[in-house]
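A closer look at the structure
One letter stands for each residue in the lines below.
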There are 2 protein chains.
Amino acid sequence: MKQVFLLFLVIAIQAQSFANPDYACSSPDGSLRLTVSHNDAGSLHYSLLYKKLDVIKSSMLGLELSKPKLSLSKFDITAVDSLIFDESWKPVWGEVSSIRNHYKQIRFTVKEKSKAGIVMQIVFRVFNDGIGFRYIFPEQAAINHFIIADELTEFNVGQNHKAFWIPGNYDTNEFPYNITRLGDIDAEKANDIDDGLSRESLIGKNAVQTPLMMKADNGLYINIHEAALVNYPAMHLLIDKSNFNFHTQLVPDAYNNKAYLQAPSQSPWRTVIVSNRATDILSSKTILNLNDPSVITDPSYIKPQKMVGVWWEMHVNKSTWEKKSGKHGAYTENVKRYIDFASLHKIDGVLVEGWNVGWEDWAGNWKENVFDFITPYPDYDIDELTAYAKSKGVKIIMHHETSGSVSNYERFMDTAYRYMLNHDMNTVKTGYVGRIIPRGEHHDGQWMVNHYVRVISKMTGYKIMLDAHEPVRPTGLHRTYPNWLACEAARGNEFNAWSKGNNPEHETILPFTRLMGGPMDYTPGIFHIKLNQFDTSSKNQVHTTLCKQLALYVTMYSPLQMAADLPENYNKHLDAFKFIEDVAVDWDDTKILEAEPGDYITIARKEKGKGNWFVGGITDEQARKSVFKCDFLDAGKKYTVTIYRDASNADWKSNPEAYTIEKKIIDKNTELNIPLAPGGGFAISIIPQ
Amino acid sequence: MKQVFLLFLVIAIQAQSFANPDYACSSPDGSLRLTVSHNDAGSLHYSLLYKKLDVIKSSMLGLELSKPKLSLSKFDITAVDSLIFDESWKPVWGEVSSIRNHYKQIRFTVKEKSKAGIVMQIVFRVFNDGIGFRYIFPEQAAINHFIIADELTEFNVGQNHKAFWIPGNYDTNEFPYNITRLGDIDAEKANDIDDGLSRESLIGKNAVQTPLMMKADNGLYINIHEAALVNYPAMHLLIDKSNFNFHTQLVPDAYNNKAYLQAPSQSPWRTVIVSNRATDILSSKTILNLNDPSVITDPSYIKPQKMVGVWWEMHVNKSTWEKKSGKHGAYTENVKRYIDFASLHKIDGVLVEGWNVGWEDWAGNWKENVFDFITPYPDYDIDELTAYAKSKGVKIIMHHETSGSVSNYERFMDTAYRYMLNHDMNTVKTGYVGRIIPRGEHHDGQWMVNHYVRVISKMTGYKIMLDAHEPVRPTGLHRTYPNWLACEAARGNEFNAWSKGNNPEHETILPFTRLMGGPMDYTPGIFHIKLNQFDTSSKNQVHTTLCKQLALYVTMYSPLQMAADLPENYNKHLDAFKFIEDVAVDWDDTKILEAEPGDYITIARKEKGKGNWFVGGITDEQARKSVFKCDFLDAGKKYTVTIYRDASNADWKSNPEAYTIEKKIIDKNTELNIPLAPGGGFAISIIPQ
């Protein structure tokens, strides 16, 4: 690890006569140029160029407080300092084994112009592929406890870009993506979809969520999000369609307050990632770099892993979470069947949902006292299963559905985690389905953001790993808490089971949006694509080919990957399942071979500590050919490749399960040319000879 | 214990031709007569007579739901049943050793007239001194989860009574009492008092709190309150000054919902207590009787007790809760001093506030993470004090100031209670100062009501006793949880230390209002009346004479009584302190000798298990003579009485500490004639020879 701090000279540019000077800071490679201007009235604005192309035009900085009632928008600059930072660090797990954190920083110490004289710092970090900036409140006599009423930050993109967006909503991010020009955003319409979810916390017609992906007519790819969301609500964006300037909308609490802070404190980082190549967006580590280093000194218990689970069978109406139905899924013998399958196929874990009493009565009822997280249904013999799983070398993965009743979950957390450890479990999938209790709070508000951090902090004490469903979307906190393996926080594969589903383009967008903040538990691996197996009337289906499901293990990065389909379905296609069995979940290196949001993604990854490579390629509803050279391989070596690809007559809709498996010998000079069916994909394992 | 159930015939009265019948139910002694009428539209109204005098004129019954959106106000009566109940039960502690629960009940099973067809029961119990009624939702297909938007219950007193009231407020009940005609209620004005408390949750100009005490021009004393407040918000009353009909205002949550219920469930009991004698109001056990029997099978750990504490010294600026001031009160040697004093004077407990870190930064800041309830300040040696207290036969009383951050307290409850038991403590004073977190909840809303019950339930598991400060006002739940010794929930003696204080009439009103629901930890016993001892500039003083402070140990019933002043002040008046040392805190019998709300109260109580009697008498700002016969004493016995009374020149304002102690021998034929100074009182111990 190298770590370099250098001070560099801040250049104050006399932009025009009699005006205040501008301040500029470029990225280490010079491709980005940030400018911060300070006008006569004291307002601060920033703008960003990528190789002389506009990324962000002049955009306001500032905050409104409700206590003390004060606008923090007019400042005197009392100091400006800068540094160059360069270090490399090794994540506990990740897409690459080493990450370079290289940026120039410029920091403004400012004093708000009112009598209150509050001192703030606004710090910018300029990376080669984007910027981060945040507001900092140092400890000071002028302010102690205070309440954020609004954030005034703007992101003035200034042009009517093409955008990949979901409607702003305080409580859910499980939307299909919309692809429109910014001027055509209609979040109300997009919110009004019939997919079985309540959408009561819509923000408004012009509000969209981050990560927001855009493509400019000049070829730039621009992504806006945030990093290190701690003790602050999530940020949504409100588009002003008259000038394509985004304003900030923070998630409120019951009193329409946004954040209760005490100095010293700070906002999350606001991030803009930009490149003229879409692949650079996917390989950006800027959000991770803006997060704090790991707090875990002994990460030996943290294990990237694959899992199967008593879960998809509930989605396809084979069984139910609740017992009263007479079709309870989580009974001892059924779980053993999954354990047997996992053990046979080197799958690390078995998730069991519906194991605990309470499922009969909660969904949609905003009920506070539902689960206690320690009481199994009588047909779930936890002691027997603990012993059985251990004998088979498999870990059962705990499930804590909070039912949105977070006040209740917080009462039981310690007890629940001790119960897990006592039953040889150290990974838990949490869930936050439904409206939040405490009533008045939202999934994405400050209180819940603090809850998620409280959960992962407590789990850190117990050496437990986390997979959070229905939380706020991630912002790179898995750097700080590498036991936080994954989140859902977007529209997962499950929607294919009971709604109009996810369009074939869905998985080509997620890595440019939701996954910018961190790994997603998307639950790929559905082989039985037409979902009328247990409900013959069902017209639902997964909107991909079988091979695209395989490809997702590579294109949808996560250290926790589910093989979501039923053992009986995998047993019909064990040749294809071999890929899931073989594919790694932790990587030394990653190459984004080709990518275009909404269209296609092809990624090659090198297994951690081994010479094996795995490649995944996906397309949207359009058939295509993926052509790439294998020049990422070691020179002089021969590799055995197994290519799992769509059959020539495959099609996500009409013939999704048709696949071909071929093996051949390649080297780094080989060019592969692989056809993808409409809604299709391919997966390749590349093993050194 | 006798327990009798009898069915009696429900008399349906044909009130007028072609009208629906009325239903009547009288009290066992016939003095009260309840009538329930059912009009053509389906509305139900009740009215109440006391010996043919109007108590409640025709008043509506019903509820509004917000989910499902529905008015429960028009009904078909599907059944009417009745019973006579008569049992006697023995409280674990109380004002009397045996309580008779004797009432006639009439229960209406009704079906709401809309398509939904929800079935409810409305049950009335008619006691000799009042009524209780509640709404019951049986389990049924027509309704499961539902939300109460409003309660439609009316209390139509119909005349412009004199009333003893405090303004309706969702978060505090620490107001001085107002005495006005109902038509002159102005809660806004009454809310706007300069006593250092924030009063942000005022309900409105016409809202008052319960227990509401009234006196009618026809001589009736009428009290409106509720019993068994569980899983429901507190009820406030909105006066309609055009007709003197009270409407119900329930405490809302962040969404203006009032209660989230699931059938089967029920409202608390709405209570009206009435008599032509004020003394009957004070001796009523109707609210207790409407509560469920004790859930505690082994009450052996529950001990009525007296305490001193490191507490008043903070109120009079001798020391502080926080340590940073340099005047920290809760340091080891100081606590030992209190332990020594308690041990010497047979005081059971020593309360210590400010023992734990966090006091430097929370008040008024609505801060969530303040206390952890297990970390003492470094100058508080808890292990040494635990051992020292034990060696002296004294119990330290734990203090848990939640700072209103209830979400935080709930996370620590188990840990905190285990910590108490590990340090030989089994009584805790909780505090709820400040705005509630979860933000959007109120001290008196359903969520907090459930919290208080959650606390006492959990304490029951740990065998811990509770004294709750700043909770919702009590409703008799100490019958169900006799380890819930006392609450503050009103304006305590402490206000004398740092506000305009409590007028001399204050303590003559509290037993008719706040204490109707349960014991109050009023913290009497201040001997150093003028409070400039440590702050010479202070003009504050206790608004009573010293003898009135003694009398409060009898007139302000509580099984937990503090001797609130400092040991050094008691040591100057050990002759008067003898009464505090002697007075009992648990009773076999109680006689309300004379009482008039706002004017005077005289009460005699017989010590539990002993022949000793203690009498307390208080007056308002008027001097008076209390003249009573001692005919409550056993015939043929001689008693030594010690009379602690105001000196002849005593006056609460000009000469409050002047007292006289006299001893004599009396028997049951003795008539005592005791002068009380303005703002004065007297205390008497009566010990059999």
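Preceding this paragraph is the structure being described.
So, here's what we can say about the structure. Source: prediction; values computed, not measured.

It is worth spelling out the overall build of chain A at this point. Looking only at helices and strands, chain A has 13 helices and 39 strands in total. Since a compact globule built from 689 residues should have a radius of gyration of about 26 Å, the 25 Å found for chain A is in line with a globular shape. Principal-axis analysis of the C-alpha atoms places the extent of chain A at approximately 75 × 60 × 50 Å. Looking at the 689 residues of chain A, the share that counts as buried comes to 65%. Here the contacts in chain A between residues at least 6 apart in sequence split such that 70% fall between residues at least 24 apart.

This part is about helix α5 (residues 332-344) of chain B. Residue and element names in this part refer to chain B. Taking 1.5 Å as the rise per residue, α5 with 13 residues should run 18 Å; its terminal C-alpha atoms sit 18 Å apart, in good agreement. Buried within α5 are the following residues: T332, N334, V335, K336, Y338, I339, F341 and A342. Looking one or two residues beyond α5, the residue adopting positive phi is K346, at roughly 60°.

Moving residue by residue along a regular strand, the side chains alternate between the two faces of the sheet. All names here are of chain A. With respect to burial, strand β27 (residues 395-401) is a largely interior element, six of its seven residues being buried. Direction of pairing for strand β26 (residues 349-352) relative to β27: parallel, over a ladder of three bridges. Bridging from a neighbouring strand, G349 pairs with K395 of β27. Tracing the backbone out of β26, into helix α6 (residues 382-391) and back to the parallel element β27 gives a crossover that is right-handed. Where β27 and strand β28 (residues 427-431) come together, four bridges link them in parallel fashion.

This structure, assessed with the given rule, holds 82 salt bridges over all chains. Here B:R270 makes a salt bridge to B:E151, at a shortest N to O gap of 2.8 Å. Placement of B:R270 in strand β24 (residues 269-275) and of B:E151 in strand β13 (residues 145-151) is noted, with a sequence separation of 119 residues between them. Of the two residues examined, B:R270 and B:E151, each falls in the buried class. Put simply, B:K429 and B:E353 hold a salt bridge, and the shortest N to O gap is 2.6 Å. Within this pair, whereas B:K429 is found in strand β28 (residues 427-431), its partner B:E353 is found in the loop between β26 (349-352) and α6 (382-391), the two being separated by 76 residues in sequence. Here B:K429 matches B:E353 in class, with each residue buried. Each of A:E151, A:E226, A:R270 and A:R473 takes part in a single network of salt bridges with overlapping partners.

It is worth spelling out the interface of chain B and chain A at this point. Contacts between the two partners involve 27 residues from chain B, matched on the other side by 27 residues from chain A. In total, chain B and chain A occlude about 2,300 Å² of area from one another, counting both sides; carbon and sulfur atoms represent 46% of this. Three residues, B:Y255, B:R411 and B:R439, lead the burial of chain B against chain A; their summed loss comes to 27% of the area buried on that side. Here chain B is connected to chain A by two salt bridges. For the salt bridge of B:E410 with A:R411, the shortest nitrogen-to-oxygen distance reads 2.4 Å. Within the residue set of the side of chain B that touches chain A, elements represented by two or more residues are β22 (259-262), α7 (406-422) and α8 (446-462) of chain B. Looking at the side of chain B that touches chain A, the element that brings in the most residues is α7(B), giving three residues. Each residue belonging to the side of chain B that touches chain A can be placed in one class, and the counts come to seven nonpolar, nine polar and eleven charged.

Residue and element names in this part refer to chain A. One open sheet holds the four strands; their spatial order is β8-β7-β13-β22, and the pairing between them is antiparallel. Each of the sheet's edge strands pairs with one partner strand only, and the pair in question is β8 (69-72) and β22 (259-262). Within this sheet the neighbouring strands show an average axis-to-axis angle of 35°, counted without direction. Note that strand β7 (residues 63-67) and strand β13 (residues 145-151) share four bridges and pair antiparallel. By the bridge assignment for β13, K67 is matched with I147.

Our focus in this paragraph is the side chain of A:S59. All names here are of chain A. Structurally, the position occupied by S59 is in strand β6 (residues 53-60). You can call S59 buried: its relative accessible area is 0%. A polar contact of 2.6 Å, which involves the side chain of S59, links it to the backbone oxygen of K57.

It is worth spelling out the environment of A:R337 at this point. All names here are of chain A. Looking at the element boundaries, R337 is found in helix α5 (residues 332-344). On the basis of relative accessibility, which here comes to 29%, the residue R337 falls in the partly exposed class. Spatially, the C-alpha atom of R337 lies 9.8 Å from that of V310, the residues being 27 residues apart in sequence. Residues contacting R337, with those up to four places away along its chain left out, are E313, K318, P567 and E568.

Next up on the list: the sheet that holds β22(B). Residue and element names in this part refer to chain B. A sheet is described by the order of its strands in space; here four strands give the open sequence β8-β7-β13-β22, paired in antiparallel fashion. Among the strands making up the open sheet, the edge pair consists of β8 (69-72) and β22. Within this sheet the neighbouring strands show an average axis-to-axis angle of 35°, counted without direction.

Residues and elements named next belong to chain A. Going through the model one piece at a time under the given rule, you end up with 70 aromatic pairs over all chains. Summarising the aromatic geometry, the rings of Y23 and F108 are spaced 5.3 Å apart at their centres and angled 80° between planes, so their arrangement reads as edge-to-face. Linking Y23 in strand β3 (residues 22-26) with F108 in strand β10 (residues 99-112), this pair joins segments that are 85 residues apart in sequence. For the pair formed by Y23 and F108, the shared burial category is buried. Ring plane angle 15° and centroid distance 5.0 Å describe the contact between F85 and Y103, whose orientation is recorded as stacked. Here Y103 lies in strand β10 and F85 lies in strand β9 (residues 75-89), a separation of 18 residues in the sequence. Each member of the pair, F85 as well as Y103, is classed as buried. Through a chain of ring-to-ring contacts, the aromatic side chains of W321, W359, W362, F371, F373, Y409, F412, Y417 and Y462 assemble into a single cluster. Of note, R479 hangs over the ring of W89, and the distance from its end group to the ring centre comes to 3.8 Å.

What counts and how
Residues numbered from 1 in each chain as written. Chains lettered and ligands numbered in written order. Predicted model: local features only at pLDDT ≥ 70, side-chain atom pairs only at ≥ 80, totals over all residues. Heavy atoms only, no water. Helix = DSSP H or I, 4+ residues; strand = E, 2+ residues; numbered from the N terminus. Rg over C-alpha atoms; globule rule 2.2 N^0.38 Å. Buried < 20%, exposed > 50% of the residue type's maximum accessible area, 1.4 Å probe, protein only. Contact = heavy atoms within 4.5 Å. Expected span 1.5 Å × (residues − 1). Pairing = 2+ DSSP bridges. Right-handed = clockwise from strand over helix to strand, strands pointing away. Salt bridge = Lys/Arg side-chain N within 4 Å of Asp/Glu carboxyl O. Buried area = accessible area lost by both parts, 1.4 Å probe. Nonpolar A, V, L, I, M, F, W, Y, C, P; charged D, E, K, R; others polar. Axes fitted to C-alpha atoms, helices over the stretch in contact; angles between N-to-C directions. Polar contact = N/O pair within 3.5 Å; in protein donor to acceptor, adjacent residues only side chain to side chain. Phe/Tyr/Trp six-rings, centres within 6.5 Å; stacked < 30°, edge-to-face > 60°. Lys NZ or Arg CZ within 6 Å of the ring centre and 35° of its normal.

Function-wise, these values are silent; they only describe arrangement.
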